Amino acid sequence: MQVFSSMLSQMLVLFTFMAVGFIFNKKRLLPADDSVVISKLETYIFVPCLVFNTFYKYCTVQNFGQKWPLILYGVGVMVLSLIIGLPLARLFSGPDLYLRKIYNYSFAVANFSFMGNAVVLGVFGEQVLFDYMMFTLPLTFYVYSYGTASLRPQNGPVKFSFKMFLNPICIAMLLGAAFGLLAVPLPGFVSTVVSTAGASMSPLAMLLTGFVIGDYSLKQLAKNKKIYLASVLRLIVIPLVFVAILKLIHADSTVLRVTLCATAMPLGLNTVVFPAAYGGDTTPGAGMALISHLMSILTIPVMFALFLS
């Protein structure tokens, strides 16, 4: 019950911010295009600062020597997630190739960054957040390279390029790790700026989620029955598959915790933000984000109470 109550409390805090963002959009208290501004602030400032600060503090030679197996587990979970996503996406999308990309991304990648970081930091603290970021390192490189590129409406396959990795989050992660391993001292005011900006990531991420969903009719989004099944698969079935596998191979509690944190999160906003930026249909992604986030208020505390008690 302690795990359940702690997790539920954190979920209610996050969803309070989400509700505020939703109300601000519906009441037009902010301009409609402010979601673009908030998204850019998250992508270019707040998430990179959180990532840099965490790696700078905890990516020491000793810690890295102990935690590097988490990266290998992260690779395994990422590869298996991509494999699971392929047949499920075909089943849900039918002949629509672009919708198949949306579902494929959604089944393979949960909201492990904005939502996952917020939950882990709020419930478990910075040290576990470092474990989590080590584990999600392969997934982060995938999402902010090939993953998001695949969500752009285009003909033919996505062409791989190393330029995909030249984005603020990947750069912040590499710089934080390098500065931490080399024990590079930072001026006091710089550390304060970075840590303060990083602390702003969670509330702003949920404000953004609510604000984006506020652009749509809730009644219309809730009509798509496939979204409910997709949310159940994302929030419950897929995490259970990974929990079962990890228990079979006798993985330790640290691996189980970070895997559950990464896979039991709701469907993310990238399936809304990136299609919108390139003129694609954002309705399926918005519906999945709405329903899965609402369901996760209960599913996340229950899943964590069952497997992390």
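Reference entry: report on the structure contained in this document. (Residues numbered from 1 in each chain as written. Predicted model: local features only at pLDDT ≥ 70, side-chain atom pairs only at ≥ 80, totals over all residues. Heavy atoms only, no water.)

1. Considering the overall build of the protein
Formally: Think of it this way: any DSSP run of H or I at least four residues long counts as a helix, any run of E at least two long counts as a strand, and we number them from the N terminus. When we talk radius of gyration, it's over C-alpha atoms, and the globule rule is simply 2.2 Å times the number of residues to the 0.38. To sort residues, take the accessible area from a 1.4 Å probe on protein chains only and compare it with the maximum for the residue type: under 20% means buried, over 50% means exposed, and anything in between is partly exposed. Contacts were defined at the residue level, with two residues in contact if any of their heavy atoms lie within 4.5 Å. Exposure was quantified through the Shrake-Rupley algorithm and a 1.4 Å probe, taking into account, for residues, occlusion by the shown protein chains and nothing else. Residues scored as charged are limited to Lys and Arg (positive) and Asp and Glu (negative), so that His and the chain ends carry no count. Charge placement uses NZ in Lys and CZ in Arg. For Asp and Glu, CG and CD serve respectively.
In terms of regular secondary structure, the protein is built from 16 helices and 0 strands. Here the protein has a C-alpha radius of gyration of 19 Å; the compact-globule value for 309 residues is 19 Å, and the two agree. Dimensions of the protein, computed from C-alpha atoms along their principal axes, come out at roughly 50 × 50 × 45 Å. Across the 309 residues that make up the protein, the buried fraction comes to 52%. Here the contacts in the protein between residues at least 6 apart in sequence split such that 85% fall between residues at least 24 apart. Counting only carbon and sulfur atoms, one obtains 70% of the accessible surface of the protein, whose full area is about 14000 Å². In the protein, 19 side chains carry a positive charge and 9 a negative one; their mean positions are 8 Å apart.

2. A look at helix α11 (residues 201–213)
How we decide: Helices are assigned an expected span. That span is 1.5 Å times one less than the residue count.
Here α11 spans 18 Å end to end across 13 residues, near enough to the 18 Å set by a 1.5 Å rise per residue. The buried fraction of α11 is high, at 11 of 13 residues. Listed in full, the buried residues belonging to α11 are M201, S202, L204, A205, M206, L208, T209, G210, F211, V212 and I213.

3. Comments concerning the packing of helix α2 (residues 34–58) against α11
Put simply, the test is: An axis is simply a line fitted to the C-alpha atoms; with a helix, the fit covers only the stretch in contact. Between two such axes, the angle follows the N-to-C directions and lies from 0 to 180 degrees. Should an angle fall under 35 degrees it is taken as roughly parallel, and over 145 as roughly antiparallel, whereas 65 to 115 is taken as roughly perpendicular and any remaining angle as oblique. By convention the crossing between two helices is left-handed if the near helix lies anticlockwise of the far one by an angle smaller than a right angle, and right-handed if it lies clockwise.
Contact geometry for α2 and α11: axes closest at 10 Å, N-to-C directions at 155°. The angle between α2 and α11 falls in the class roughly antiparallel. Crossing angle aside, the handedness with which α2 passes α11 is left-handed. Contacts from D34, S35, I38, S39, L41, E42, F46, V47 and L50 in α2 reach M201, L204, A205, L208, F211 and V212 in α11.

4. A closer look at the packing of aromatic side chains
Stated precisely, the cut-off is as follows: Pairing of aromatic side chains here covers Phe, Tyr and the six-membered ring of Trp, requires ring centres within 6.5 Å, and sorts the geometry by plane angle: under 30 degrees stacked, over 60 edge-to-face, intermediate tilted. Placement of a charge over a ring requires the Lys NZ or Arg CZ to be within 6 Å of the ring centre, with the centre-to-atom vector within 35 degrees of the ring normal.
Per the counting criterion, the structure on display carries 8 aromatic pairs. An angle of 5° between the planes, with centres 5.8 Å apart, marks the rings of F52 and Y56 as stacked. Linking F52 with Y56, this pair stays in helix α2, spanning 4 residues, or about one helical turn. Here the aromatic rings of F55 and F130 are separated by 5.6 Å at their centres, their planes lie at 75°, and the arrangement is edge-to-face. You can see F55 sitting in helix α2 and its partner F130 sitting in helix α7 (residues 126–135), a full 75 residues away along the chain. F130 shares its class with F55; the two are buried. Members of the aromatic cluster, connected to one another through ring pairs, are F52, Y56 and F179. The side chain of R257 reaches across the aromatic face of F124, ending 5.5 Å from its centre.

5. Notes on empty space enclosed by the protein
Let me state the cut-off plainly: A cavity here means a set of 1 Å grid points, computed over protein atoms only, where a 1.4 Å probe fits but cannot escape. A pocket is an open set with protein on both sides within 12 Å along at least 5 of 7 lines, and lining residues have an atom within 4 Å of a point. Grid points are joined across faces, edges and corners, and a volume is the space filled by probe spheres set on the points. Gly falls in the polar group here, along with every residue not listed as nonpolar (Ala, Val, Leu, Ile, Met, Phe, Trp, Tyr, Cys, Pro) or charged (Asp, Glu, Lys, Arg).
Within the structure shown, the criterion is met by 4 cavities of 30 Å³ or more. In this structure, the largest cavity encloses a volume near 80 Å³. Taken together, V47, V51, F112, S113, N117, M133, T136, T140, Y144, I169 and M173 make up the lining of the largest cavity. For the lining of the largest cavity, the residue count by class is 7 nonpolar, 4 polar and no charged. If you list the elements that add at least two residues to the lining of the second largest cavity, you get α4 (69–93) and α14 (253–263). With 3 residues, α4 is the single largest residue contributor to the lining of the second largest cavity. Here the residues of the lining of the second largest cavity sort into 7 nonpolar, 2 polar and 1 charged.

6. Things to note about the environment of F179
Its location among the elements puts F179 in helix α9 (residues 168–181). Since its relative accessible area comes to 27%, F179 is described here as partly exposed. Along the backbone, F179 and T271 are 92 residues apart, and their C-alpha atoms lie at a distance of 33 Å. Leaving out residues up to four positions away in the same chain, F179 has contacts with F52, Y56, V184 and L186.

7. Here's the deal with the side chain of S93
Selection rule: Distance and chemistry together define a polar contact, namely a pair of N or O atoms within 3.5 Å, with one atom able to donate a hydrogen and the other to accept it when in protein, and with adjacent residues in sequence counting only for side-chain atoms on both sides.
Mapped onto the elements, S93 comes out in helix α4. A polar contact of 2.7 Å, which involves the side chain of S93, links it to the backbone oxygen of A89. Of note is the side chain of S93, whose polar atom sits 3.5 Å from the side chain of R100. Once residues lying within four places of it in the same chain are set aside, the contact partners of S93 are L99, R100 and Y103.

8. Looking at the nonpolar core
Which entries qualify depends on this criterion: What makes a nonpolar core is a set of buried Ala, Val, Leu, Ile, Met, Phe, Trp, Tyr and Cys residues whose side-chain atoms join them at distances within 4.5 Å.
One finds F55 and F304 to be the most contacted residues of the largest nonpolar core, which totals 95 residues. Here this core gets 10 residues from one element, more than from any other, and that element is α2. The contacts of F55, once residues within four sequence positions are left out, are F130, M133, M134, M173, G176, A177 and G180.

9. Focus: the environment of C59
In this fold, C59 is placed in the loop between α2 and α3 (61–67). Each C-alpha atom, one on C59 and one on L41, is 25 Å from the other, the two residues being 18 residues apart in sequence. If sequence neighbours within four positions are ignored, C59 has contacts with T54, F64, F130, A177, G180 and L181.

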